[in-house]
Amino acid sequence: MNYANQFFFGIYPYIALAIFFLGSLIRFDREQYTWKSESSQMLHRGSLRLGNILFHIGIIGLFFGHAVGLLTPVVVWDTLGVSHSAKQIIAMAAGGLMGALCLIGLLILLARRFSNDRLLRVTTFKDKVVMLWILVTLLLGLSSIFVSASHTDGHMMVQLMTWAQHVITLRGDAASFIADAPTVFKIHLFMGMSLFVIFPFTRLVHVWSGFASVGYLGRAYQLVRPR
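Residues numbered from 1 in each chain as written. Predicted model: local features only at pLDDT ≥ 70, side-chain atom pairs only at ≥ 80, totals over all residues. Heavy atoms only, no water.

Draft legend 1. Looking closely at the environment of Ala91. Positionally, Ala91 belongs in helix H4 (residues 84-115). Look at Ala91 and you get partly exposed, because its relative accessible area is 42%. On a C-alpha basis, the gap between Ala91 and Ile19 in space is 29 Å, while along the polypeptide they are 72 residues apart. (Helix = DSSP H or I, 4+ residues; strand = E, 2+ residues; numbered from the N terminus. Buried < 20%, exposed > 50% of the residue type's maximum accessible area, 1.4 Å probe, protein only.)

Here it is in structure tokens:
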């Protein structure tokens, strides 16, 4: 188990990140015409707007919530006077809210896609893998809230933060900090990291374009001159 723990939480994160960055770069360089969200709005509108809005609000909130919560050094929270217990409760509440929005939106989108014959015909195997993978990852994350509720001292949360920060700072002892973490946390982490692995091979690459669109804020206005 020690070897498995070291591999999945000490080595696998770097494999996932390498595939994520290199795979995205290679796909952008070689297959730019496949770099799109492949919207199905023209085929069937249905409940697309509601599901799309809820899903994206939820998943964006979860992404930045995890990034801030895991990567902000503990000393910063201590300096701000936020106790470990208070931070855990805030994380549980915010994660629960964003997770619920994301789950509702995803279920709406899944029902729309799998109940319409036209949409089902254009849904690829990779699309199904991505949607179901996100669904399972999301359910595991929401399930971990109930586990966290049984110990609100913030200790496990600090261990997870330390693990993530040691991975980012390339320290080899990262896996040791979550060796005793509950199984639901470990499976959730594995599923989340694996999303980065499948990312470059699916329509998820359009997320990069979402971040890149911020550059438009600094561009000059487009002038349209009449003849």
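Draft legend 2. Examining the packing of H4 against helix H7 (residues 155-168) more closely. One can describe the packing of H4 onto H7 by two numbers: an axis separation of 9 Å at closest approach and a directional angle of 80 degrees. For the element pair H4 / H7, the angle class is roughly perpendicular. In this structure, H4 contributes His84, Lys87 and Gln88 to the contact, and H7 contributes His155, Met157, Val158 and Met161. Across the contact of H4 with H7, the residue classes tally to three nonpolar, three polar and one charged. (Axes fitted to C-alpha atoms, helices over the stretch in contact; angles between N-to-C directions. Parallel < 35°, antiparallel > 145°, perpendicular 65-115°, else oblique. Contact = heavy atoms within 4.5 Å. Nonpolar A, V, L, I, M, F, W, Y, C, P; charged D, E, K, R; others polar.)

Draft legend 3. Looking closely at a nonpolar patch on the surface. Residues Ile60, Phe63, Phe64, Phe196, Val207 and Phe211 make up a contiguous nonpolar surface patch of about 530 Å² in total accessible area. Elements that contribute at least two residues to the nonpolar patch include exactly helix H2 (48-71) and helix H9 (206-212). If one sorts the elements of the nonpolar patch by residue count, H2 sits on top with three residues. Structurally, Ile60 can be placed in helix H2. (Patch = residues over 30% accessible without salt bridge, like charges linked within 9 Å, V, L, I, M, F, W, Y side chains within 5 Å. Areas by Shrake-Rupley, 256 points an atom, 1.4 Å probe, with all protein chains shown as cover. Salt bridge = Lys/Arg side-chain N within 4 Å of Asp/Glu carboxyl O.)

Draft legend 4. Main features of the side chain of Gln88. In this structure, Gln88 sits in helix H4. Those residues in contact with Gln88, other than ones at most four positions away along the chain, are Ser148, His151, Thr152, Asp153, Gly154, His155 and Met157.

Draft legend 5. Highlighting the packing of H4 against helix H6 (residues 125-148). Packing of H4 against H6 leaves a shortest axis separation of 9 Å and a crossing angle of 150 degrees. By the criterion of interaxial angle, the relationship of H4 to H6 is roughly antiparallel. The chirality of how H4 crosses H6 is left-handed. Its residues assigned to classes, the contact of H4 with H6 shows 15 nonpolar, five polar and two charged. (Left-handed = near helix turned anticlockwise from the far one by under 90°.)

Draft legend 6. Looking closely at H7. For H7, spanning 14 residues, the distance from its first C-alpha to its last is 20 Å, which sits close to the expected 20 Å at 1.5 Å a residue. Of all 14 residues in H7, twelve are buried; the element is thus mostly enclosed. Every buried residue of H7 is listed here: Met156, Met157, Val158, Gln159, Leu160, Met161, Thr162, Trp163, Ala164, Gln165, His166 and Val167. Against the buried residues of H7 lie helix H1 (2-30), H2, helix H3 (74-79), H4 and helix H8 (183-198). One or two steps after H7, the chain reaches Leu170, where phi turns positive at roughly 60 degrees. (Expected span 1.5 Å × (residues − 1).)

Draft legend 7. Summary view of the pattern of salt bridges. The full count for this structure, using the stated rule, is two salt bridges. Linking Arg121 and Asp117 is a salt bridge whose minimum nitrogen-to-oxygen distance equals 2.9 Å. Of this pair, Arg121 and Asp117 both sit in helix H5 (residues 117-122), separated by four residues, roughly a single helical turn. Between Asp127 and Arg203 there is a salt bridge whose closest N-O contact spans 2.9 Å. Separated by 76 residues along the polypeptide, Asp127 in helix H6 and Arg203 in the loop between H8 and H9 bring together distant segments of the chain. Judged by relative accessible area, which is 7%, Asp127 ranks as buried.

Draft legend 8. Quick peek at the environment of Gly96. Inspection of the secondary structure puts Gly96 in helix H4. On a C-alpha basis, the gap between Gly96 and Ser144 in space is 9.9 Å, while along the polypeptide they are 48 residues apart. Sequence-distant contacts of Gly96, defined by excluding residues within four places in its chain, comprise Ala91, Leu142 and Ile145.

Draft legend 9. Layout of the confidence of the model for the protein. Summarising the model, the protein shows a mean pLDDT of 91, and 100% of its residues fall at 70 or more. Within the protein, H8 carries the highest mean pLDDT (96), whereas H9 carries the lowest (84). (pLDDT = per-residue confidence, 0-100.)

Draft legend 10. Summary view of the side chain of Ser148. With respect to the helices and strands, the residue Ser148 is situated in helix H6. On the accessibility criterion, Ser148 (10% relative accessible area) is buried. The contacts of Ser148, once residues within four sequence positions are left out, are Gln88, Met92 and Phe185.

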